[in-house]
Amino acid sequence: MTLSTPVPPWLSRNERLSRTRADNRSHPMNASTDKILYLLKTHGPQSAAALGEQLQMTSMGARQHLTALEADGWVGFSDEARGRGRPVRLWHLTEQAWQRFPDSHSELTLQLIDNIQQLFGEVGMERLIAQREQQQLARYQAELTQPALADRLAALTAQRTREGYMADCRQEEDGSWLLWQSHCPICAAARACRGFCRSELALFRQLLAPAEVEREQYLLDGDRRCLYRIRPPQA
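Each value, and the rule that gives it
Residues numbered from 1 in each chain as written. Predicted model: local features only at pLDDT ≥ 70, side-chain atom pairs only at ≥ 80, totals over all residues. Heavy atoms only, no water. Helix = DSSP H or I, 4+ residues; strand = E, 2+ residues; numbered from the N terminus. Buried < 20%, exposed > 50% of the residue type's maximum accessible area, 1.4 Å probe, protein only. Contact = heavy atoms within 4.5 Å. Salt bridge = Lys/Arg side-chain N within 4 Å of Asp/Glu carboxyl O. Phe/Tyr/Trp six-rings, centres within 6.5 Å; stacked < 30°, edge-to-face > 60°. Lys NZ or Arg CZ within 6 Å of the ring centre and 35° of its normal. Pairing = 2+ DSSP bridges.

Peer 1: Tell me about the environment of Tyr 228, residues and numbers included.
Peer 2: For Tyr 228, the location among the structural elements is in strand 7 (residues 226-231). With a relative accessible area of 0%, Tyr 228 lands in the buried category. Residues Tyr 228 and Gln 181 lie 47 residues apart in sequence; the distance between their C-alpha atoms is 8.8 Å. Filtering out sequence-adjacent residues up to four positions away, Tyr 228 remains in contact with Trp 177, Leu 178, Leu 179, Gln 181, Glu 200, Leu 201, Phe 204, Val 213, Glu 214 and Arg 215.

Next up, the structure:
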């Protein structure tokens, strides 16, 4: 089963305002192109046919939107051979498109991290991260009051999505769970100091104990998302 949350309002205030100045683009954004970018962000590279099916339009219609997005530098494609026949064209986001998804106050955050490291060293930075982790833990524990792992995962997924992580989860056939985050709203901070990522893993382990939690995909290692596998305790 898949535990999903509604599509989050992932555009920042500045991005929404910039829509009103879209006349400098050759192909202004609309609801369909926004959805295409969101689907490529959350589900990875896809064909025009797959996108059309999710958007309830023809593959030709989806291809027209993709062609316009490619012309403006938002998407690219690669042709993938799958047995006999013509290769499948898979569309993906460009680096430019990734910048559309907000990174919370990235410039200010990087300045603060640099200042903290200069003034207090790595020890001071680790203390700050540890304090943030404890604050998050207290806040999340107030939300994750259900004893069942599935219910706690549902609550955690909803909370992370509200915070901009585009989170989702599902249960696998072997009984384990996958929790993934298709966006990182603090990516600039995480790139500057991976202690934030270590803290996130530690936080999930505390919240979902006694289940085992391991990170299997990592955005900063080149994966398109951060993905965690959660294994319930053996009976």
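Peer 1: Before we move on, can you summarise the side chain of Thr 42 with the specific residues and values?
Peer 2: Secondary-structure assignment places Thr 42 in helix 2 (residues 31-43). In this structure, Thr 42 is in contact with Met 166, Ser 182 and Arg 224, ignoring residues within four places of it in sequence.

Peer 1: Give me the pattern of salt bridges: which residues, what numbers.
Peer 2: Opposite charge on two side chains makes pairing possible when the charged atoms of those side chains draw close. All chains considered together, the criterion is met by 10 salt bridges. When the shortest N-O distance is used, the salt bridge between Glu 172 and Arg 170 registers 2.8 Å. Assessed through its relative accessible area of 24%, Glu 172 is described here as partly exposed. According to the relative accessible area criterion, Arg 170 is partly exposed, its value standing at 30%. As a salt-bridge pair, Arg 231 and Asp 174 come within 3.8 Å of each other at their nearest N and O atoms. Here Arg 231, found in strand 7, pairs with Asp 174, found in the loop between strand 4 (167-171) and strand 5 (177-181); they are 57 residues apart in sequence, far enough to count as distant. Arg 231 sits in the partly exposed class, given a relative accessible area of 39%. Residue classification places Asp 174 among the exposed residues on the basis of a relative accessible area of 55%.

Peer 1: Describe the side chain of Gln 181, with residues and values.
Peer 2: Within the element layout of this structure, Gln 181 appears in strand 5. Those residues in contact with Gln 181 that lie beyond four places of it in its chain are Arg 160, Tyr 165, Met 166, Ala 167, Glu 200, Phe 204, Arg 225, Cys 226 and Tyr 228.

Peer 1: Please set out the packing of aromatic side chains residue by residue, giving values where relevant.
Peer 2: For the structure shown, the criterion picks out 2 aromatic pairs. The ring of Phe 77 has Arg 89 lying over it, and the distance from NZ or CZ to the ring centre is 3.8 Å. Looking at Arg 160, its charged tip hangs above the ring of Tyr 165, at a distance of 3.8 Å from the centre.

Peer 1: Help me get a handle on the pairing of strand 5, residues and values and all.
Peer 2: Within a regular strand, the side chains alternate between the two sheet faces. With respect to burial, strand 5 is a largely interior element, 5 of its 5 residues being buried. Here strand 4 runs beside strand 5; their pairing, made up of 5 bridges, is antiparallel. Residue Gln 171 lies in a different strand from strand 5, and its bridge partner there is Trp 177. Counting the residues between successive antiparallel strands, the hairpin from strand 4 to strand 5 contains 5 residues, one of them, Gly 175, with a positive phi of roughly 95°. In the sheet, strand 5 pairs with strand 7 via 5 bridges, with the strands oriented antiparallel. Following the sheet pairing, Gln 181 is matched in strand 7 by Cys 226.

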